[in-house]
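# Examining the three-dimensional arrangement
Below, each chain spelled out in residue letters.
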Amino acid sequence: MKHFVLASILGAVLALPAHAADYKIMAPAAPGGGWDQTARSMQTALQDEKISGSVQVTNVPGAGGTIGLAQFVNQASGDPSQLIVGGYVMVGAILTNASPVSLDQVTPIARLTGEYEAIVVPAASDIKDMAGLVEKLKADPGAVSWGGGSAGGTDHITAGLIAKAVGVDPTKVNYIAFSGGGEALAAILGGQVTVGISGYGEFASQIQAGALRIIGISSDEKIEGIDAPTFKEAGVDVSIQNWRMVAAAPGITDEQKTAINADIEKMVMSESWKKILADKGWANTYLAGDEFKAQLAKDIEATSAILKDIGLVK
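Attention here is on the structure that accompanies the text. (Residues numbered from 1 in each chain as written. Predicted model: local features only at pLDDT ≥ 70, side-chain atom pairs only at ≥ 80, totals over all residues. Heavy atoms only, no water.)

Our next topic: the packing of aromatic side chains. The final tally for this structure, using the stated rule, is two aromatic pairs. Both rings, one in Y88 and one in W243, keep their centres 6.3 Å apart while their planes meet at 10 degrees; by these two values the pair is stacked. Of the two residues, Y88 is situated in helix α4 (residues 88-96) and W243 in strand β9 (residues 241-248); the sequence distance between them amounts to 155 residues. Take W243: its relative accessible area is 7%, and that puts it in the buried class. Ring centres of W243 and F292 lie 6.3 Å apart, and the angle between their planes is 85 degrees; on these two criteria the pair is classed as edge-to-face. In this pair, W243 is assigned in strand β9 and F292 in helix α11 (residues 289-309), connecting sequence segments 49 residues apart. (Phe/Tyr/Trp six-rings, centres within 6.5 Å; stacked < 30°, edge-to-face > 60°. Helix = DSSP H or I, 4+ residues; strand = E, 2+ residues; numbered from the N terminus. Buried < 20%, exposed > 50% of the residue type's maximum accessible area, 1.4 Å probe, protein only.)

Structure (structure tokens):
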């Protein structure tokens, strides 16, 4: 019996690579949104592909991810098992919330995915298309309420850019921020806001079910499988892509960073991950190492300029 138990334990150990690390991934947002979905998708892929033995996900919502980021910076330092997901929204939130912590304080690992912004209305809405939205916006900007993610995030920036593109003062945009995708969706479906704005994946099931109508998407070109014009096709000269990333703790060694990078690269190349991207309509925008670090610096600079433009940052 003892030999059988030993053999079983040995078999379980050998099934994992010698260095298989356990990870704890923080999603700095409420359940249901893009960061939560990203963290749980990573959990699935890392475990299914046996890259990691155990992956736990925790949610720390609030202030566009900056509450979670502060907790991560203060509590995870030097711990190579701790990861945090983030992205374009966090870049804006750090600026608009005058956050005491910034992305300079974590160890960037990789940009993972990109997603276009979708504008939706409840099925019963009198807004049938982008032209209908633009008409209402021009008539009375404050009467059009936009429900989306954190203040200063991609959803908010997109609403501001749309207003600016159609000649409406972007500082007059009536934007209502929700800390999680689930809350925003409930408000949109309940008619508490005029339009919803977020990544397509957060609305996909409700669009397919006929509860929401998509009136535009922020891509440069029409996307196969999405029955909606681009903003540009609808006469609004705006295109934008939200991206999501993973970062490691501050203060880890170069060896630890290399090991995490290797695990994330294996995950990105895996069949499990490719299937998740296809199912969720996420683009593979994988960029790692110094290239990602350089791109991140450019994105922070560009976002700062946009936020000043739409009156969110002085």
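Right, let's get into the environment of K232. Positionally, K232 belongs in the loop between β8 (212-217) and β9. Look past the residues within four positions of K232 in its chain and what remains in contact with it is D220, D237, V238 and S239. Of note is the side chain of K232, whose polar atom sits 3.1 Å from the side chain of D220. (Contact = heavy atoms within 4.5 Å. Polar contact = N/O pair within 3.5 Å; in protein donor to acceptor, adjacent residues only side chain to side chain.)

When the charged atoms of two side chains lie near each other, side chains of opposite charge can form a pair. Summed over the entire model, instances satisfying the criterion amount to nine salt bridges. The closest approach of N and O atoms between D279 and K275, which form a salt bridge, is 2.6 Å. With D279 and K275 both in helix α10 (residues 271-280) and four residues apart, the pair spans about one turn of that helix. By relative accessible area, which is 55% here, D279 ends up exposed. Residue classification places K275 among the exposed residues on the basis of a relative accessible area of 52%. (Salt bridge = Lys/Arg side-chain N within 4 Å of Asp/Glu carboxyl O.)

Within the largest apolar cluster, 79 residues are counted, with the highest numbers of intra-cluster contacts made by M42, I119, W146, I264 and M267. Those residues in contact with M267, other than ones at most four positions away along the chain, are M42, A45, L46, I51, L112 and W273. If you look at the next biggest cluster of nonpolar residues, it comprises 14 residues, including V120, V193, Y200 and L212. (Core = buried A, V, L, I, M, F, W, Y, C linked by side-chain atoms within 4.5 Å.)

On to the packing of helix α7 (residues 181-189) against helix α8 (residues 200-208), then. Running from N to C, α7 and α8 point in directions that differ by 40 degrees, and their axes come no closer than 11 Å. The angle between α7 and α8 places the two elements in the oblique class. Note that α7 runs across α8; the crossing there is right-handed. Residues G181, L185, I188 and L189 of α7 pack against E202, F203 and Q206 of α8. For the contact of α7 with α8, the per-class residue count stands at four nonpolar, two polar and one charged. (Axes fitted to C-alpha atoms, helices over the stretch in contact; angles between N-to-C directions. Parallel < 35°, antiparallel > 145°, perpendicular 65-115°, else oblique. Left-handed = near helix turned anticlockwise from the far one by under 90°. Nonpolar A, V, L, I, M, F, W, Y, C, P; charged D, E, K, R; others polar.)

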